[in-house]
Amino acid sequence: MTPDTSVEEYVAEATRRAAVVEGLPSDAPVREVRSVGIVGAGTMGGGIAMNFASAGLPVRLVERTDEALQRGLSVVRANYQRSADRGRFPAEEVDARMARIDGRLTVDDLADCDLVIEAVFEDMELKTSVFGELDRVVKPGAILATNTSGLDIDVIAAATRRPQDVIGLHFFSPANVMKLLEVVRADHTADDVVATAMALATTIGKVAVLVGVCPGFVGNRILAARSNQANAMVREGVMPWDIDDALRGFGFRMGPFQMSDLAGLDIGWSKGATTKNPIRDALCELGRRGQKTGAGYYDYDAERRPSPSQVTAGVIADVTGAEPRTMGAEEIVRRLIAPMINEAVAILEENHAQRPSDVDVVWLHGYGWPADKGGPMFYGDVIGAGEVLSAMEGLVRDDPRIRPADTLRRLAQDGGRFTELDLGGLKTRRTKGDPS
Ligand code: NAD
């Protein structure tokens, strides 16, 4: 990329490059995938099944109980029906696609699948037990994938006797709609498993980005950096709706608090729990668990239109003791975007992504980063490393745990560009420090 590359050219080139795996020839051997098994027919499992069934592949979908299975299948059918009603495909396609999804109640029935994707609850004990079972029953040479949002895939792989066949396939919600697929290479994942996953992504119409194992991988790790800062601002008395408004002004379709309300505030929360986010805990205790309960950070009307909530403002005042304060949209955006860019640089320093433009592709296709702003790395070059570092240093004054990445300091000093960073690409713990 040159300094005068347009944002459209940059995004097109970044998306094309994301499909290239360094060190793997473009004609690298792949494993044949003619049938897919999925464990868990919840929000993600059902959506993942739709991708393969829509692409013409037979799917076996496994649940624990018939009730959960029927619920999962009926959600899939309703989604297909809605698409047909909107004219996306002929009405008879609904039955044709459903006929490719075969519901089962035991993983024993996945023995002959070429690829199995696990999409059970985000719980390490459960996932390792499912992988132990899959290892026992699924034929040799099959690919065993997990849809974990951020658990250590090396630990999951170690529950099998075939870690070379284990990979992360991190779909985004709704999985039948969102374009992004993070393909997570673990320490022992074989090259042909990586190549197969990247090729399969094209078959099901996804944009795949190869990433490494770290908490939250690339996308959710950067999201966490943004959320931490958004929550810090609320603790200072800035209202959630002002933060969301500022990010919408930047070009996101929604801000972090609208996103939380949409996903449900009770994800990772249970009654009586005291988590790192006492405001959310208090809202949940009040029954304000997001859009689905008609209230969360926002109040919602019958059409699910949000409005600022006096109850939430009261909860924030009670929990934080902070006086409500206003902050300009520009300052809010500056404080939210700088930690994202900084986290992206840390990810590259730690060799969990192949290249800076891959980070941009993740955020463009998975998190609604505004296309005209090219992604966190592209935007970092627009505002300059010096500005990002100065915003980060402002945040360090309030929270000494925040750490500007060494490479950010170097870029700020040398006038270097984020999009041109070459910090060694993606490495596994196994290959790191390996002189070969
Ligand atoms: P969910 O609660 O909607 O569905 C999980 C399903 O797994 C349930 O239907 C449950 O009955 C089933 N299940 C549990 N144990 C099982 C077993 N032993 N055998 C068969 N089925 C079993 O959860 P979800 O939102 O679909 O999340 C699934 C996974 O995907 C989690 O690891 C989550 O972190 C990840 N993920 C979720 C999202 C999201 O936005 N929801 C996005 C990306 C990744």
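The structure we're discussing is the one just above.
One structure accompanies this document, and this report is about it. (Residues numbered from 1 in each chain as written. Predicted model: local features only at pLDDT ≥ 70, side-chain atom pairs only at ≥ 80, totals over all residues. Heavy atoms only, no water.)

### Focus: the overall build of the chain
Here comes step 1: Across its full length, the chain carries 17 helices and 10 strands.
Here comes step 2: Its C-alpha atoms give the chain principal-axis dimensions of roughly 60 × 55 × 40 Å.
Here comes step 3: Counting only residues that meet the buried cut, the chain has 52% of its 436 residues in that class.
Here comes step 4: Pairs at least 24 apart in sequence give 69% of the contacts found in the chain among residues at least 6 apart.
Here comes step 5: In the structure as shown, the chain presents an accessible area of about 19500 Å², 51% of it carried by carbon and sulfur atoms. (Helix = DSSP H or I, 4+ residues; strand = E, 2+ residues; numbered from the N terminus. Buried < 20%, exposed > 50% of the residue type's maximum accessible area, 1.4 Å probe, protein only. Contact = heavy atoms within 4.5 Å. Areas by Shrake-Rupley, 256 points an atom, 1.4 Å probe, with all protein chains shown as cover.)

### As for the side chain of Asp154
Here comes step 1: With respect to the element layout, Asp154 can be found in helix H6 (residues 153-157).
Here comes step 2: The exposure class assigned to Asp154 is buried, which follows from its relative accessible area of 14%.
Here comes step 3: Leaving out residues up to four positions away in the same chain, Asp154 has contacts with Ala186, Asp187, His188, Val213 and Arg429.

### Here we look at the pattern of salt bridges
Here comes step 1: Scanning the model with the defined rule gives 35 salt bridges in all.
Here comes step 2: Close ionic contact of Asp95 with Arg77 constitutes a salt bridge, the shortest N to O distance being 3.0 Å. Separated by 18 residues along the polypeptide, Asp95 in helix H4 (residues 92-99) and Arg77 in helix H3 (residues 66-85) bring together distant segments of the chain.
Here comes step 3: Taking the shortest distance from any N to any O, the salt bridge between Asp301 and Arg305 comes out at 2.9 Å.
Here comes step 4: Overall, the relative accessible area of 33% leaves Asp301 in the partly exposed class.
Here comes step 5: Here the salt bridges do not stand alone but share partners, grouping Arg60, Asp102, Arg104, Asp109 and Asp112 into one network. (Salt bridge = Lys/Arg side-chain N within 4 Å of Asp/Glu carboxyl O.)

### Structural notes on helix H7 (residues 191-203)
Here comes step 1: Taking 1.5 Å per residue as the helical rise, H7 with its 13 residues ought to reach 18 Å, and the 19 Å between its terminal C-alpha atoms agrees with that figure.
Here comes step 2: Just downstream of H7 lies Gly205, where phi reads positive at about 75 degrees. (Expected span 1.5 Å × (residues − 1).)

Shape is all these values report; function is a separate question.
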